[in-house]
Amino acid sequence: MSSDSSKKRKPKVIRTDGGPQEGKRGKADADQDVRYYSEECEVDLRDPIKDYELYRETCQELQRLMAEIQELKSRGIKDNASEIDERRIQSCVHFMTLKKLNRLAHIRLKKGRDQTHEAKQKVDAYHLQLQNLLYEVMHLQKEITKCLEFKSKHEEIELVSLEEFYKEAPPEISRPAITLSEPHQQTLARLDWELEQRKRLAEKYKECLTSKEKILKEIEVKKEYLSSLQPRLNSIMQASLPVQEYLFMPFDQAHKQYETARHLPPPLYVLFVQASAYGQACDKKLVVAIEGSVEEAKALYKPPEDSQDDESDSDAEEEQTTKRRRPTLGVQLDDKRKEMLKRHPLSVTVDLKCKGNVNFSVGTDENVLHLTFYYLMNLNVMTVKAKVTTAVEMTTAISAGDLLSPDSLLNCLYPGDHGRKTPNPANQFQFDKVGILTLSDYVTELGHPYVWVQKLGGLHFPKDQPQHTVTADNSLSASHMELTVKLLRTRLQSRLALHKQFASLEHGVVPVSSECQHLFPTKIVSRLVKWTAIPYEDYAELPYTKDVIEAGLAEDTHLYYMALIERGTAKLQAAVVLNPGYSTLPPVFSLCLNWKGERTSSNDDNIRAMESEVNVNYKELWGPKPGYQLLTNQLQRLCMVLDVYLETEPHDTSVEGPKEFPQEKMCLRLVRGPMRLKPFKFNYPQGFFSHR
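The following paragraphs examine the structure supplied in this document. (Residues numbered from 1 in each chain as written. Predicted model: local features only at pLDDT ≥ 70, side-chain atom pairs only at ≥ 80, totals over all residues. Heavy atoms only, no water.)

Digging into the overall build of the protein chain
Our working rule: Working definition: helices are DSSP H or I runs of at least four residues, strands are E runs of at least two. Numbering for both runs from the N terminus. Any residue under 20% of the maximum accessible area for its type is buried, any over 50% is exposed, and the rest in between are partly exposed; the area is computed with a 1.4 Å probe on protein chains only. Only heavy atoms matter for contacts: two residues are in contact if any of them lie within 4.5 Å across the pair. Every accessible area reported is derived by Shrake-Rupley at a probe size of 1.4 Å, with residue values counting cover from the shown protein chains alone.
The number of helices and strands found in the protein chain is 23 helices and 12 strands. The buried share of the protein chain, taken over its 692 residues, is 36%. Counted over contacts in the protein chain with a minimum sequence separation of 6, partners at least 24 positions apart contribute 65%. Of the roughly 45000 Å² that the protein chain leaves accessible, carbon and sulfur atoms contribute 55%.

As structure tokens, this is what we get:
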């Protein structure tokens with residue numbers, strides 16, 4: 001109790017920052033001291049290092065007191081309670097000190113953060129000012145660069161030098177007193193002098209143009225005079241042609257050709273010699289030339305290797321022990337095929353010129369058939385590729401697409417010669433070794449091996465008596481040259497004539513020449529409305545063409561067309577087979593009339609008679625030689641006989657109204673015989689129809 005009373009009697013002391021800590025004070029003074037006490041101000045006055053040392057000492061003292069209290073409690077003596085209380089009080093005082101130090105540390109941390117934030121704001125403000133200044137500097141630098149890079153138009157003008165300027169320019173332009181000291185005025189003065197000079201040059205240019213026009217007129221007069229000399233020179237050249245031929249003036253060109261011909265293989269050499277001889281002797285429109293690489297041809301004369309002994313080559317390859325990767329079997333076969341089908345580097349070209357058909361205006365002498373002959377060295381056969389050039393651009397006809405095609409132009413020049421198989425029987429054994437089924441798969445690239453091509457090269461492959469080696473024979477080539485050239489020229493002329501005719505037929509016009517007008521009456525009502533080309537498969541599917549196919553008159557090498565002739569409700573379909581040998585071999589027509597049912601040669605005798613008019617009596621329609629108008633005359637006769645067929649049909653009394661096809665043709669008898677045949681023969685000049 002004594003201790004409690006003593007505690008109550010102790011005076012209360014309030015610590016302040018600046019005043020004394022002891023003594024009695026009034027209540028108002030104590031409130032004033034508390035109001036002015038601030039730990040934030042105390043932080044500024046205290047040393048952080050000393051506070052840290054105080055913190056360490058306080059912690060050590062606390063540890064010591066706690067250890068003593070624990071030791072006293074462990075003893076369990078009652079007299080030690082006062083000592084424990086005393087040490088507890090001391091510990092509380094140390095805890096208060098630690099709390100104060102903690103508050104001071106937090107205040108210092110807050111002040112440090114505030115100071116850091118203020119410094120950061122200042123740095124950001126300075127950085128922003130720096131960026132603004134850098135942007136202004138960059139903008140000013142760009143403006144300066146633009147000003148420095150600015151080019152005035154006068155800088156592109158090449159002005160005269162200063163020495164020439166002050167020497168040649170008049171004083172009123174040069175003004176030396178001003179321009180020598182001021183560069184700007186000097187530049188303006190130089191530009192004025194440049195303008196003055198250019199005005200003078202412009203006037204001089206106009207004068208030069210005037211003189212140029214005068215000179216050009218003089219040149220034109222002289223050109224007219226020289227051009228008038230050209231006809232005279234041409235006449236002189238024409239007059240000297242016999243002299244040139246007599247003196248062999250084109251000797252150099254012929255000499256070069258014959259020098260090149262020495263490197264030709266024997267079949268091509270025979271062809272070149274015989275074709276050149278025939279052209280010089282009989283046909284001046286036959287031009288023969290040699291094309292290809294002479295150097296490659298010379299390289300072929302190296303010591304030959306047995307390229308066809310495939311077995312020995314394969315054995316030699318197996319014995320080699322090189323590390324090189326061997327090609328696959330497919331690659332080896334491809335290489336062997338290419339080697340077997342290899343052509344000679346040189347080829348012979350034959351240009352065959354011919355006149356067009358005057359009646360159909362196909363062209364003039366510039367219609368040329370270009371033939372290129374090749375020699376397959378390993379197969380010992382010759383091939384040919386064809387191309388046609390015309391003098392004038394021909395009207396494109398859809399149905400005439402295969403007429404001048406290189407693949408079909410020369411088909412069956414001689415009967416049965418399709419050019420799809422090799423004429424050399426030994427080639428089939430060579431093909432079996434390299435896996436070639438037939439040569440027809442390669443004719444587009446190599447050319448067609450026609451039999452007549454082999455004969456022009458002097459090659460003959462007898463099938464009944466095979467020979468080990470076939471050599472080129474000049475006599476064989478010479479015996480076939482004239483006939484083959486005539487057939488080639490005839491084939492070209494007939495195809496050109498057909499090309500012209502097809503263009504008219506596709507527009508529904510059947511062209512008939514004036515020489516053939518007497519074969520037909522003046523008025524024919526039936527008209528051709530359609531003319532198209534059809535494939536062989538479509539032709540074979542027609543029911544009314546079976547007789548033609550069974551008779552062997554239609555093959556896949558022939559050309560097939562469909563014509564449609566109409567009159568009123570009657571429609572006549574005509575399937576046409578065009579033999580490659582037209583017009584020597586006539587076209588074959590198969591008819592089908594759609595009128596009151598379907599009528600063909602199998603169910604109507606008059607339809608069979610109409611087919612006979614164009615297929616059997618075709619010689620009447622040949623016209624003037626060489627008979628290239630046969631096809632159009634046959635179509636015109638079909639229109640004529642269709643009129644006769646329809647007009648001579650008896651009128652159906654069950655149908656009211658006038659007759660659909662009134663009779664306009666004059667006929668002696670409408671029908672004859674038990675088959676009731678109609679009069680299809682036209683008699684000129686009487687103008688009536690009669691039976692045959």
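Don't stop here, the text continues.
Remarks on empty space enclosed by the protein
Threshold: Whether a set of points on the 1 Å grid over the protein atoms alone is a cavity depends on a 1.4 Å probe fitting there but being unable to get out, while an open set qualifies as a pocket with protein on both sides within 12 Å along at least five of seven lines; lining residues are those with an atom within 4 Å of a point. Grid points are joined across faces, edges and corners, and a volume is the space filled by probe spheres set on the points.
As enumerated under the stated definition, the model contains one cavity of 30 Å³ or more in all. Its boundaries defined by the atoms lining it, the largest cavity holds a volume of some 80 Å³. If you go around the largest cavity, the residues you meet are L271, A275, L286, V350, L352, L371, F373, L456, M481, T484, V485 and L488. Elements with a contribution of two residues or more to the lining of the largest cavity: α12 (266-281), β2 (346-354), β3 (367-376) and α19 (474-505). Here the lining of the largest cavity takes four residues from α19, the largest share from any one element.

Details of the pairing of β3
Applied cut-off: Should DSSP find at least two bridges between two strands, the strands are taken to pair.
Counting buried positions along β3 yields nine of 10 residues, so the element is predominantly enclosed. Direction of pairing for β2 relative to β3: antiparallel, over a ladder of seven bridges. Note on β3: the bridge partner recorded for D351 is H370. The turn linking β3 back onto strand β4 (residues 381-389) is made up of four residues, and N380 within it adopts a positive phi angle of 60°.

What about the packing of aromatic side chains?
Where we set the bar: Working definition: rings of Phe, Tyr and Trp (its six-membered ring) pair if their centres are within 6.5 Å, and the pair is stacked with planes under 30 degrees apart, edge-to-face with planes over 60 apart, and tilted otherwise. Placement of a charge over a ring requires the Lys NZ or Arg CZ to be within 6 Å of the ring centre, with the centre-to-atom vector within 35 degrees of the ring normal.
Under the definition given, this model contains 11 aromatic pairs. Ring geometry for W595 versus F661: centroids 5.5 Å apart, planes at 65°, classification edge-to-face. Of this pair, W595 sits in the loop between β8 (588-594) and β9 (598-600) while F661 sits in the loop between α23 (630-647) and β10 (666-667), placing them 66 residues apart in sequence. By the burial criterion, W595 is buried, and F661 matches it. Cluster of aromatic residues (ring-pair linked, three or more members): F502, W531 and Y561. One cation-aromatic arrangement involves R343 over Y374; the distance from NZ or CZ to the ring centre is 4.1 Å. Taking the ring centre of Y645 as reference, the NZ or CZ of K678 above it sits at 5.3 Å.

Brief notes about the sheet that holds strand β1 (residues 286-292)
We apply this condition: All axes are obtained by fitting lines to C-alpha atoms, using only the stretch in contact for helices, and the reported angles, taken between N-to-C directions, cover 0 to 180 degrees.
The sheet built from four strands is open, its strands ordered β1-β2-β3-β4 with antiparallel pairing. Each edge of the open sheet carries a strand with a single partner, namely β1 and β4. Strand-to-strand twist in this sheet, taken as the mean axis angle between neighbours without regard to direction, amounts to 20°. As judged from the nine bridges shared by β3 and β4, these two strands associate in the antiparallel manner. Looking across to β4, one finds that H370 is bridged to K387.

Looking at the side chain of E647
What counts is decided by this rule: Pairing of N or O atoms within 3.5 Å defines a polar contact, subject to two protein rules: one partner must be a possible hydrogen donor and the other a possible acceptor, and residues neighboring in sequence count only if both atoms are side-chain atoms.
Along the chain, E647 turns up in helix α23. A distance of 3.0 Å separates a polar atom in the side chain of E647 from the backbone nitrogen of K665. For E647, the residues in contact, after removing those within four places along its chain, are R567, K659, F661, P662, Q663, E664 and K665.

Considering a nonpolar patch on the surface
To keep things clear, this is the line we draw: To count toward a patch, a residue needs a relative accessible area over 30% and no salt bridge; like charges are then connected within 9 Å, while nonpolar side chains (Val, Leu, Ile, Met, Phe, Trp, Tyr) are connected within 5 Å. Salt bridges are identified by distance alone: a Lys or Arg side-chain nitrogen within 4 Å of an Asp or Glu carboxyl oxygen.
A cluster of nonpolar side chains, namely L140, I144 and L148, defines an oily patch on the protein surface of about 340 Å² accessible area. Tracing the backbone through its elements, the reader meets L148 in helix α5 (residues 81-149). Overall, the relative accessible area of 69% leaves L148 in the exposed class.

Structural notes on helix α9 (residues 183-239)
Rules: A helix's residues, less one, multiplied by 1.5 Å, set its expected span.
In this model, α9 (57 residues) spans 79 Å end to end at C-alpha, consistent with the 84 Å of a helix rising 1.5 Å per residue. Of the positions making up α9, those classed as buried are Q186, A189, R190, W193, E194 and Q197. Packing partners of the buried residues in α9 comprise α6 (162-168), α7 (171-174) and α8 (176-179).

Quick word on the sheet that holds β9
If you walk across this open sheet you meet the five strands as β5-β6-β7-β8-β9, and the pairing is antiparallel. Two strands in the sheet have a free side with no partner beyond their single neighbour: β5 (527-533) and β9. Shown here is a sheet whose adjacent strand axes are inclined to one another by a mean of 20°, direction ignored. Of the pairings in the sheet, the one linking strand β7 (residues 570-578) to β8 comprises seven bridges and is antiparallel in character. For A575, the partnering residue across the bridge sits in β8 and is S590. Along the sheet face, α19 touches β5, β6 (559-567) and β7 and points at about 125° away from the line of β5.

A few points about unusual backbone geometry
Outside of glycine, negative phi angles account for most residues, and trans bonds account for most peptide bonds. The peptide bond linking Y582 to S583 adopts the cis configuration, its omega dihedral lying at 10°. Structurally, S583 can be placed in the loop between β7 and β8. Here Y684 and P685 are connected by a cis peptide whose omega angle stands at 5°. With a phi close to 55°, K596 is a non-glycine residue in the positive phi region.

Remarks on the environment of S399
Structurally, S399 can be placed in the loop between β4 and α16 (427-434). Its relative accessible area of 4% is what places S399 among the buried residues. Separated by 133 residues in the primary sequence, S399 and T532 have C-alpha atoms spaced 5.4 Å apart. Ignoring any residue separated from it by four or fewer positions in sequence, one finds S399 in contact with F502, E506, W531, T532, A533 and Y561.

Digging into helix α22 (residues 605-615)
Inspection of α22 places N606, I607, A609, M610, E611, E613 and V614 among the buried residues, and these make up the whole buried set. Sitting at the amino-terminal end of α22 is D604, which places a side-chain oxygen 2.9 Å from the backbone nitrogen of N606.

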